[in-house]
Amino acid sequence: MQLAVEPGVGARVKAQAQHEKDAEFEAYMAARQPSLLRTAYLISGDRHTAEDLVQTALAKLYLSWDKVHDRQMIDGYVRRIIVNEHNSLWRRAWKKRELATDTLPDHQTVTDRHDDGQRDALWEFVQTLPRKQRAVIVLRYYEDLSEAEIAETLGISVGTVKSQASRALAAMRSRVHDNPVLAQDRAPADRSASDREEER
Amino acid sequence: MSNHQTDDLTRALRARSEDMTGTHVAFEDVKGRARGIRRRRRAASGIAVAAVALAVAVPMGINLGGVDNGQRPLPADQPTTTTEPTGPVTPTPQGPVEIDAAKAPRGEDPAILYATGTTLHRPDGPQVELPKQYSYLLPYADGVMGFYGPDGITDFIDGEGNLTDQGPYTGMSGAISSDGERLATWVSAVGAGGAVDLALWPRSGANPENGYTSNVVAMRGDMQLAGFVGPETVAYNLTVSTNQGATQTPYVTDWTSEPRELTSLMDVRGANDVTGVVSGLTTVDYGKNEYCFAVVKAVSDTVVWDTCDYRLGRFSPDGKYVLGVDPESDGLGGKGVTILDAETGEVVAEFQTEDRAFMQDAIWESRSTVLAPVMQDGAWFLVRMRPDGTVEKALDASREGYDDSSPWRFQYTP
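All of these numbers come straight from a predicted model, not from anything done at the bench.

(A) Representation of the overall build of chain A in the model. For chain A, the helix and strand inventory stands at 9 helices and 0 strands. Counting from the amino terminus, chain A carries its helices and strands in the arrangement α-α-α-α-α-α-α-α-α. Every one of the 200 residues in chain A was classed for burial, and the buried ones make up 50%. As displayed, chain A offers around 10100 Å² of accessible surface, 48% of which is attributable to carbon and sulfur atoms.

(B) Main features of the sheet that holds strand β24 (residues 347-353) of chain B. All names here are of chain B. Taken in spatial order, the 5 strands of this open sheet run β1-β24-β23-β22-β21, and their pairing is mixed. Bordering the open sheet on either side are β1 (97-99) and β21 (311-315), each of which pairs with just one other strand. Averaged over all pairs of adjacent strands, the angle between their axes in this sheet comes to 25°, without regard to strand direction.

(C) Representation of the packing of helix α5 (residues 131-141) of chain A against helix α6 (residues 147-154) of chain A within the structure. All names here are of chain A. At a closest axis distance of 10 Å, the pairing of α5 and α6 adopts a crossing angle of 135°. On the basis of the axis angle, α5 is oblique to α6. The interaxial crossing formed by α5 with α6 has right-handed handedness. Across the interface between the two elements, Ala135, Val136, Leu139 and Arg140 of α5 pack against Ile150, Thr153 and Leu154 of α6. Looking at the contact of α5 with α6 residue by residue, the classes come out as 5 nonpolar, 1 polar and 1 charged.

(D) Local environment of the pattern of salt bridges. Residues and elements named next belong to chain A. All told, the structure shown has 15 salt bridges over all chains when counted by the stated rule. In this structure, Glu143 and Arg79 form a salt bridge, with 3.5 Å as the shortest nitrogen-oxygen distance. In this pair, Glu143 is assigned in the loop between α5 and α6 and Arg79 in helix α3 (residues 74-91), connecting sequence segments 64 residues apart. The exposure class assigned to Glu143 is buried, which follows from its relative accessible area of 16%.

(E) A look at the packing of helix α4 (residues 118-128) of chain A against helix α1 (residues 3-17) of chain B. One way to put it is that α4 of chain A packs onto α1 of chain B with a least axis distance of 9 Å and a crossing angle of 90°. For the element pair α4 of chain A / α1 of chain B, the angle class is roughly perpendicular. Side by side, α4 of chain A and α1 of chain B meet where Gln118, Arg119, Asp120, Leu122, Trp123 and Val126 of chain A of the first sit next to Asp8, Leu9, Arg11, Ala12, Leu13, Ala15 and Arg16 of chain B of the second. When grouped by side-chain class, the residues that make up the contact of α4 of chain A with α1 of chain B number 7 nonpolar, 1 polar and 5 charged.

(F) Layout of the pairing of strand β4 (residues 125-129) of chain B. Bridge analysis of strand β3 (residues 119-122) of chain B against β4 of chain B gives 3 bridges, and the strand direction is antiparallel. Paired with Thr119 of chain B across the strands is Glu129 of chain B, a residue of β4 of chain B.

(G) Expanded view of the environment of Glu232 of chain B. Residue and element names in this part refer to chain B. Mapped onto the elements of the fold, Glu232 is located in the loop between β13 (222-230) and β14 (233-242). Owing to a relative accessible area of 42%, Glu232 belongs among the partly exposed residues under this scheme. Sequence spacing of Glu232 and Arg182 is 50 residues, and the spatial spacing of their C-alpha atoms is 8.0 Å. In contact with Glu232, not counting residues within four places along its chain, are Arg182, Leu200, Thr253, Asp254 and Trp255.

(H) Representation of α1 of chain B in the model. Over its 15 residues, α1 of chain B extends 21 Å from the first C-alpha to the last, a length consistent with the 21 Å expected when each residue adds 1.5 Å. For α1 of chain B, the set of buried residues is Gln5, Thr6, Asp8, Leu9, Thr10, Ala12, Leu13, Arg16 and Ser17 of chain B.

Reading guide: rules and limits
- Residues numbered from 1 in each chain as written.
- Chains lettered and ligands numbered in written order.
- Predicted model: local features only at pLDDT ≥ 70, side-chain atom pairs only at ≥ 80, totals over all residues.
- Heavy atoms only, no water.
- Helix = DSSP H or I, 4+ residues; strand = E, 2+ residues; numbered from the N terminus.
- Buried < 20%, exposed > 50% of the residue type's maximum accessible area, 1.4 Å probe, protein only.
- Areas by Shrake-Rupley, 256 points an atom, 1.4 Å probe, with all protein chains shown as cover.
- Pairing = 2+ DSSP bridges.
- Axes fitted to C-alpha atoms, helices over the stretch in contact; angles between N-to-C directions.
- Parallel < 35°, antiparallel > 145°, perpendicular 65-115°, else oblique.
- Left-handed = near helix turned anticlockwise from the far one by under 90°.
- Contact = heavy atoms within 4.5 Å.
- Nonpolar A, V, L, I, M, F, W, Y, C, P; charged D, E, K, R; others polar.
- Salt bridge = Lys/Arg side-chain N within 4 Å of Asp/Glu carboxyl O.
- Expected span 1.5 Å × (residues − 1).

What follows is the structure, encoded as structure tokens:
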């Protein structure tokens, strides 16, 4: 008769620990993945790239799962990986010494009948922004992060966050003035308020 | 910019983000990619070579307690009084030195400036209280220059911690020559994106005019200084963003002539003014997730040697060694650091943290010692490593700081 060989205590404990880690990680994935995918999409402008960024970010998080002691920091950590990974993608263009954005990423424009295409125009504008400005804008106006949180995520100073956001918004303002679709529903009161803010 | 416009922007982003509704990344796919990353990390770090267990190291193993909750008592450390190697030496060709930071012997305190919070620690004087917490420090006169992110202003602080002056926008980038006599900073009166002015400061603070000699090297852009490559010559990256895209270009310049582009590199990460070389990125193959680096002669812009196994960084002050880090460092840090011969690229010593620990940016403390923060078991350790393979702690363990950020802020080093 052949005796069944039971795994050692160490192996069982190891397997149990791995199981618990996977369960905890899957729970995090289930809860946060939709949000991470949306953020990655807004940063990259491409669905497949977004999925790839999130998969890589989650893989790196999985490898680091035991090292992250403060679970409240995980979202920030993953956002940082997504931004860094996207920057790595961008680095491939360094050798070409340019990153062409004259041609917008291929996607089907869907005009929202409720806003006469304004959202599409704003989205297309966001896609023309330089990499860092775009990340700042997405984290500030989509993720609603503070300037300090954005600085931490992007590894830049708060001053740089402010200057990047300011430049992006100035460019957007210019587009608003240039683009009647964007400018058409601005009330006179809004315009003067905007101008006053500009003067400040 | 009115609230109306930023609200529109927020609504536009939220609406567009719905494009991702229904997409899903499977857990098994994530685990599969994690396995691939781990394989590449191990291949690159040489972990396949049999690691040699040291008296200062423990074998890799499973922590049966699961995730440390940060409540484990910290080991009591008793500083030794010697700067000589205190740990056993491992012949590095046999494999990486495995670091158990908790068990490493305690050596002397760091021989460079560093701050914990608002307290400045000086190797040659008493600690002083700074006006605020700075992100970066440069030794200057008998005190420091402190770079602080939110306002972008350089604070000048004397040896007693008093704020004596405030300078122009720094761009949070600085460098110091290997002899410690000269400093370089990025100065811009209008902040990031404005004219890029490179400032040369005598460390002694003895310039009677405005304190520095300056040279406008570009009309706009963001500068990242890599270091000195000659007595009064520096290497830096200049990033210029426009609505048509962004470019990053490495340059070498002094304070008298036009900047010269380093065409053999995509960026520059380290520089040495004794040997006149720089390190930096040469190629990226994102499909293979492969990053290649090289040591380059700054004068001739020619490659001395290159590697795709390490991400090259800082040189030792005498230019003899260069640091290589994990090619797969993530947002927290890497698994270790390697000291390479700067002339040949041969591995001199390789250090690897425990399985559940990680190491952040390593800096040269002297021509033969490297310091790096290591997070292990929920505590931060400052580890000192030497080319002979020895390891020790340079400070007592700390539970201050964050999981992804150590409590110590070090001065810029050569």
